[in-house]
Each structure stands twice: as structure tokens, then as C-alpha cells.
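What follows is the residue order along each chain.
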Amino acid sequence: MNVPAPRPFRVSTGARVGFLLLALYAFYAASQLDFTWDRFITGLDNGARFIGRMFPPNFSNWELLIKGLVESLQIAVLASLGGILISLPVSLLASRNLMPSWATWPARALIAVCRSLHPVIVAIFFVKAVGFGALAGILALVVASIGFIGKLFTEAIEEISLKQVEAVRATGASFANVILFGVLPQVFSRFVGFATYQTDSNLRSSTMVGIVGAGGIGGTLFAAFQRFDYDFVCAILLSIIALIMVGEMLANLIRAVFVEGLGFGSRDGKRPAPAVPSAAKEFD
Amino acid sequence: MNAVPREWHRYTSGQRLARFTFYFFIVAAVVASARTVEIIPEFLYDAPEQMKDLLTRMWPPEFRYYPDGIHDALIETIHIASLGTLLSIFIALPFGLLAARNLTPSPTLNYLAKLVLVSSRSVNSLVWALLFVGIFGPGALAGTLAIAFRSVGFVGKLVGEALEETPRGPIEALEAAGASTGQRVWYGYWPQIRPAFWSIVLLRWDINVRESAVLGLVGAGGIGMAMQAAIDLFQWERVAMILLSIFIIVIVAEIAVTALRKRIL
């Protein structure tokens, strides 16, 4: 019997069928959504005019721009603070290795509800409850932060080694001391990673909640759009991108200092970085 | 010989100084924000009442509205999310390949690709949607493109990082055998990043289902448009029903992604 060996790296039949189905779905969905070539071409014409009107960006209204950006920053800072402060106890309550199930279930449900609502939807509710302005944005992003870092904190706490916790407990430490000296030191660097990630993400979202009236640069942006002030829109977008890039650099620096042990002076004191918080890396 | 220090410190003084500098700046930022942020306290007093009012108006959700108002919009939302994700893969892959330092040995190209990816991520999908509504007019096309352009940064960045983390061994073996760049990518890099790639795409699809549900607020199609209409008309029972549908679809998407990830990885 001479069975030919399968060619290496052959694409399997299952994968082929999968790709075919995916392609078919794409065509079906595109036809359902009424995408036509004509529309696309007309759009490109519009797009050229649109971009023509966006450039050069118009920074003459810079006072409004700065005011919006500062408000976005305030929203991001306060929402991150609130989110982190609330997430800490909630995630301690939610970790199955420390708490009995009557405590973990409600905490987990809270995190799940916060996670599944989009910040903009939450912002609509808070605008209704506390009126237009920065406070609604802060509260909406606090909810979003609890949903996101609460989950990551919980997972980090559930992965700790219980030996150190037992050792601390064996010395007769109180519950608070077990948490402070047995649990937190093991998760601190990962917490810092998640917290900086969330601050970064809140900064991005804080530029958006303004679209529904919850303060920040988003409101200015939306108003400029509706007045067809496209050169001001371009100026706002460029400033948002710049702000977020600076934020990302700062976040990297914070991670370098707190996670990798970067300090002033000698660099050789740098200790090996602990496992990179993979979950935080997964989300951009 | 250095004297053994009397006291043991976990961090060098330079490290501690760096940490305290950051603590200081964080506290300063919080204090400055809290002092200057504009909050109108009068609005706060009746917040509980307003909330109660809203919730009583939302109860009970109008279930009858689902077949004629919500179902089609919900399907449209899922189409927007899926098509946007598919489209973003095609745009993101070239930039991901260019951003990987081991694959593209040109710092200028790496930098340019990363700049494109960061810009894509910095602009929120709602803002992208505003732009595309301006260009293509209201509708699902604008939403799909917004989802695609926002996802490019996410998929491209993570694919670039996955490429940079691939072990050199198989690549060097292919190089030694005289493989071209295309062959190296297809036989050396791709099999190594495949699991990571699919999990990135699935994760992004999951996020996109959530995001496409709100794109309609700026006119970019999907269930958000139904929600905007209901909010504008103060039909809060319908809003409640729409929120319930979004909630369910988000959970279904998450369950589907978890199941698919288990099968693929």
C-alpha cells in the first residue's frame, strides 16, 4: 500500500469550508446592508470635499479647545480614581479564593452588569439623573472602570499563591493584615498595570461621552460637526490624538517605574520584570 | 568589600524617589481636577428623584415592540460588527507586518506603521462614525467603516506584537533553506501567530458588537438609531426593551466567543 503522505502545511478541508462560509456571509451581509458601488463612489467624492474642508486645521478657537481638553482630562483623572477605589473592595469581595460564595456572587454580578453596558449608554442615564456636564461623564466612566478593572483585579487576586497568605495568617494576623501583607504585595504590580491601562482608556472614552452631553471635548466636537465647522473638527481631532499619545507615553513610564523598577540614577538595579499583565495587553 | 547594609530595602533610593515623584504627581492631578471641575450641585439634589422617575417610566419594557422595531435593527448591528471586523483584518495586516521590527528591518517604516495604528486607536469609534456619516451619509455603511477603522489599530498593534514575540528558530531554518520573504511569512510566522491572531479577531468582534450597538446615536445604523428615536420621543418603555435586547445580544456574543476560542486554541 502506498498512501501518499499529506503535503505539509496543507490547508485543512475544515478551514477551507470555514473560509468559504465566511466569504459567503460577507457577501450576504453586505447585500443586506445595501452597500452598492455607486454609493461608495458618491461617498468618495463627498470624502474628497470633506477632507478639503478639514485642511488646514483651524486653531483660532483655541480657548474652547483647551477648555474641552482640560475637562476631558479632569473627567478621566477623577473617573479613574473613583473606579480604582471602588474596584479594590469589590474585587476583593469577588475573588473566590478569599471569600465565601455568598459574598462573591453579588460582587461578580455587579462587575458583569457594569461591563456589559457601553459607557455611552450609561452616560445617557447619568445625564438624565444629574444633568448635563462633567459629573455625568465622571459617573459613567466610574461604572465602566468598575466593570473592566474589577474583573482584571479579581482574576489577579484569584491567581495568587495561598502559601504566603497562610504564612501571614499563621502569625495570628487579623483579616485586614492578611489582605495588606499577604495578598496586596503579590498583586500590586499587576494592579498598577491595570490601573494605568484603565486611566489611558478613560482618557479615550472621556473624549467621547460629550457626544451625549456628559462633558469634555466630545461635546465641542459634536457641536463643531453640526455647524459643519470641519476645519475646527480637524483641529480637535489632532489635539485628541496628541493628548492620547502623551497619555500613552506617561502610562508606559508609570509601568516602567512601578512594574520594572526603573529609578533615578543607576539602571543596573533593574530587576527582571514580573510576568507582563497579559490580560491588560490583550485589550488595547 | 562592601559593607553589608544594616537595613534591607526592597528598592534603591533612586527607585523610591521615582515612585514618590509619581505618587506626588498623581495626587496633584487628582486635587487639581477635583478643585477645578465644573459640577453644578443644584442638579445633584434631585438626582435620586430623577432616577426613580426614569426607572418607573421604563417599567415594564414594551415587549410587543421587538418584532417590528428591534429585530431587524439588531441583525443590522451584528452585520455591522462582523463586516467591520472582517474589513479591518485586511487593512490591519499590512500595517501589523510593517510595525513588527523583526520582519521589517526599517525603523522609519516601523514608526510610520505604528503612527497609523495609534491614530486609528486614538479616535473613538463614535468619532469615526461621525466622520463617515459626514462622508457617506447616515446608514450602515458609515457604521461598518467606523468599526473597521477603529479596529485596525487594535488588530494591527496586537498582530505586530505577536509577530515580534515569535521564536527565531523556525525563521532562521527557513532562511537557511533559502526561503523568500513571502515563504518566511507564510511558513514561519503565520503558523506561530495563528492562535493569537484568531483570538485577537474574536476578541475584537466581541468588542465591536458592543460598540456597534451605540453607533446609531450619531446616525451610523444599527440598533442605536432605534434607541435614539425612542429617547427623542421619550418612549422609555421602548428604550428599556432596546437596552434589554442589547444586553442579551452582548452576552450571547460573549458566550459564542468563549466557546469558539476554546475550539480554535
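The coordinates are above.
Values in this document were obtained by computation on a predicted structure and should not be read as measured data.

S.K.: Any chance you could explain the overall build of chain B here in plain terms?
M.R.: Counting its regular elements, chain B contains eleven helices and zero strands. Secondary structure elements of chain B occur, N-terminal to C-terminal, as α-α-α-α-α-α-α-α-α-α-α. The C-alpha atoms of chain B give a radius of gyration of 25 Å, which is well past the 18 Å a tight globule of 265 residues would have. Across its three principal directions, the C-alpha atoms of chain B cover 75 × 60 × 35 Å. The 265 residues of chain B split such that 48% are buried. Partitioning the contacts of chain B with sequence separation of at least 6, the portion at a separation of at least 24 is 72%. A total accessible area of about 13700 Å² is found for chain B, and carbon and sulfur atoms account for 67% of it. A gap of 12 Å separates the mean positions of the 22 positive and 20 negative side-chain charges of chain B.

S.K.: Explain unusual backbone geometry here, please?
M.R.: When glycine is set aside, most residues are seen to have a negative phi, and most peptide bonds are trans. Its identity as a non-glycine residue notwithstanding, F228(A) has a phi of 60°, on the positive side. The residue F228(A) is located in the loop between helix 9 (217-226) and helix 10 (230-258) in this model. You will see that F234(B), though not glycine, has its phi angle at about 55°, which is positive. Positionally, F234(B) belongs in the loop between helix 10 (223-232) and helix 11 (236-264). Given the relative accessible area of 59%, F234(B) is considered exposed.

S.K.: Looking at this structure, how should I read the interface of chain B and chain A?
M.R.: Many descriptions give the size of an interface as the accessible area lost when the pieces come together. Listed per partner, the contact involves 75 residues of chain B and 70 residues of chain A. Between chain B and chain A lies a buried interface of about 6700 Å² when both sides are counted; carbon and sulfur atoms form 73% of it. The residue R121(B) makes a salt bridge to E248(A) at a minimum N-O spacing of 3.7 Å. Taken together, the links from chain B to chain A amount to five residue pairs in polar contact (both at pLDDT 80 or more).

S.K.: Any chance you could explain the packing of aromatic side chains here in plain terms?
M.R.: Each aromatic ring pair is summarised here by two numbers: the centre-to-centre distance and the angle between the ring planes. By the definition in use, this model includes 15 aromatic pairs over all chains. Taking 6.3 Å as the distance between ring centres and 40° as the angle between the ring planes, the aromatic pair formed by F153(A) and F194(A) counts as tilted. Of this pair, F153(A) sits in helix 6 (residues 134-158) while F194(A) sits in helix 8 (residues 175-206), and the two are 41 residues apart along the sequence. F153(A) sits in the buried class, given a relative accessible area of 1%. Owing to a relative accessible area of 0%, F194(A) belongs among the buried residues under this scheme. Both rings, one in W128(B) and one in F149(B), keep their centres 5.3 Å apart while their planes meet at 50°; by these two values the pair is tilted. In this pair, W128(B) sits in helix 6 (residues 125-136) while F149(B) sits in helix 7 (residues 140-164), placing the two residues 21 residues apart along the sequence. Its relative accessible area of 15% is what places W128(B) among the buried residues. Ring pairs connect the aromatic residues F19(A), W186(B), W190(B), F197(B) and W198(B), which therefore count as one cluster. Taking NZ or CZ as reference, R96(A) lies 5.8 Å from the ring centre of W105(A), over its face.

Conventions and cut-offs
Residues numbered from 1 in each chain as written. Chains lettered and ligands numbered in written order. Predicted model: local features only at pLDDT ≥ 70, side-chain atom pairs only at ≥ 80, totals over all residues. Heavy atoms only, no water. Helix = DSSP H or I, 4+ residues; strand = E, 2+ residues; numbered from the N terminus. Rg over C-alpha atoms; globule rule 2.2 N^0.38 Å. Buried < 20%, exposed > 50% of the residue type's maximum accessible area, 1.4 Å probe, protein only. Contact = heavy atoms within 4.5 Å. Areas by Shrake-Rupley, 256 points an atom, 1.4 Å probe, with all protein chains shown as cover. Lys, Arg positive; Asp, Glu negative; His and termini not counted. Charge placed at Lys NZ, Arg CZ, Asp CG, Glu CD. Buried area = accessible area lost by both parts, 1.4 Å probe. Salt bridge = Lys/Arg side-chain N within 4 Å of Asp/Glu carboxyl O. Polar contact = N/O pair within 3.5 Å; in protein donor to acceptor, adjacent residues only side chain to side chain. Phe/Tyr/Trp six-rings, centres within 6.5 Å; stacked < 30°, edge-to-face > 60°. Lys NZ or Arg CZ within 6 Å of the ring centre and 35° of its normal.

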